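Spelled out, the chains give:
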Amino acid sequence: MRTVREVSRLTGVTVRALHHYDAIGLLKPTEVTEAGYRLYDDAALRRLQSILLFRELQFPLKQIKAILDNPGFDQSEALAQQIRLLELQYAHIGRLIAHARAILNEGTGIMEFQAFDKSEIEKYKEEAKARWGTTQAYREYEERARAGQDFAGTADQLMAIFAEIGALRQLPPEDSAVMEKIAGLQAFITAHYYTCTVEILSGLGEMYVSDDRMKQNIDRAGGEGTAEFARRAIQAYCAKE
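Because the structure is a prediction, the values reported are computed rather than measured.

S.K.: Honestly, the overall build of the protein in this entry has me stumped. Any pointers?
M.R.: A count of helical and extended segments in the protein gives 12 helices and three strands. Within the span of the protein, comprising 241 residues, buried residues form 39% of the whole. Sequence-distant contacts, at least 24 apart, represent 65% of the contacts inside the protein between residues at least 6 apart.

Okay, structure coming up:
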């Protein structure tokens, strides 16, 4: 675990910015001590790395949060997109440097503006945004956020549901009592975030174990192995629907 100041020194992100990221729900600390100190684990640092890459690509913080919180977010795919965008920006900067040198060497009479064209970069950015931010679930999430939905408050309720699921870990995942809890999880997500279809629920189940930060939070709420148990229970639930 690293303190907020250690994370600041490691990453170059100011303490003030990290506090702001916490306040807007973009990067929550893994743990807050009784004395109020924010602590960050490796999963939080990986999320921060994704945040910084998107920031380098000039994505707004609100958009970055929506992308990273998207149930279908795939970090490997997103990284490939980020690399392509960085390559496009690198090529763009190269053209600008060459253009500036030409002006320096040949005089200010050069009237060529093609080097300033960023349309290819913007087009690819829009494709990335569309990939992660235009699903029906995302639109519902945004509408509820604009309406003042307290997502931070519902997070504790969500973890309480995982605590109840974790308490049933000794049962087979397809047990009726477990299925009832998974149905309750689906209903809770629909009521507080977005319409949770069987497809979305199935994707969430996979994310609960593939996302280190989410897995740790779920296991912390329900006990070691709760995230994996929830994934298998969701699989069993979705297979019946």
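S.K.: Got a minute to help me understand the side chain of Arg47 in this structure?
M.R.: Positionally, Arg47 belongs in helix 3 (residues 42-56). The class for Arg47 is buried, based on a relative accessible area of 16%. Excluding residues within four positions of it along the chain, Arg47 makes contact with Gly25, Leu26, Leu27, Leu68, Asp69 and Arg213.

S.K.: How do you make sense of the state of the cysteines when you look at a structure like this?
M.R.: What we call a disulfide is simply a covalent bond connecting the sulfur atoms of a pair of cysteines. The tally for this structure, following the rule as stated, stands at zero disulfides. The thiol of Cys196 is not disulfide-bonded; the next cysteine sulfur, from Cys238, is found 8.0 Å away. The exposure class assigned to Cys238 is buried, which follows from its relative accessible area of 12%.

S.K.: Please explain helix 10 (residues 198-210) as it appears in this structure.
M.R.: Helical geometry: 3.6 residues make up each α-helical turn, so side chains three or four residues apart lie on a common side. Over its 13 residues, helix 10 extends 19 Å from the first C-alpha to the last, a length consistent with the 18 Å expected when each residue adds 1.5 Å. Those residues of helix 10 not exposed but buried are Leu201, Leu204, Gly205, Met207, Tyr208 and Val209.

S.K.: It is not clear to me how the pattern of salt bridges should be interpreted in this structure. Could you clarify?
M.R.: It is possible for side chains bearing opposite charge to pair when their charged atoms get close. With the rule as written, the count across this model stands at nine salt bridges. The salt bridge involving Arg232 is made with Glu228; its shortest N-O contact spans 3.8 Å. In this pair, Arg232 and Glu228 both sit in helix 12 (residues 226-240), four residues apart, roughly one turn of the helix. Here the salt bridges share partners, and the residues they tie into one network are Glu206, Glu228, Arg231 and Arg232.

Calculation criteria
Residues numbered from 1 in each chain as written. Predicted model: local features only at pLDDT ≥ 70, side-chain atom pairs only at ≥ 80, totals over all residues. Heavy atoms only, no water. Helix = DSSP H or I, 4+ residues; strand = E, 2+ residues; numbered from the N terminus. Buried < 20%, exposed > 50% of the residue type's maximum accessible area, 1.4 Å probe, protein only. Contact = heavy atoms within 4.5 Å. Disulfide = S-S within 2.5 Å. Expected span 1.5 Å × (residues − 1). Salt bridge = Lys/Arg side-chain N within 4 Å of Asp/Glu carboxyl O.

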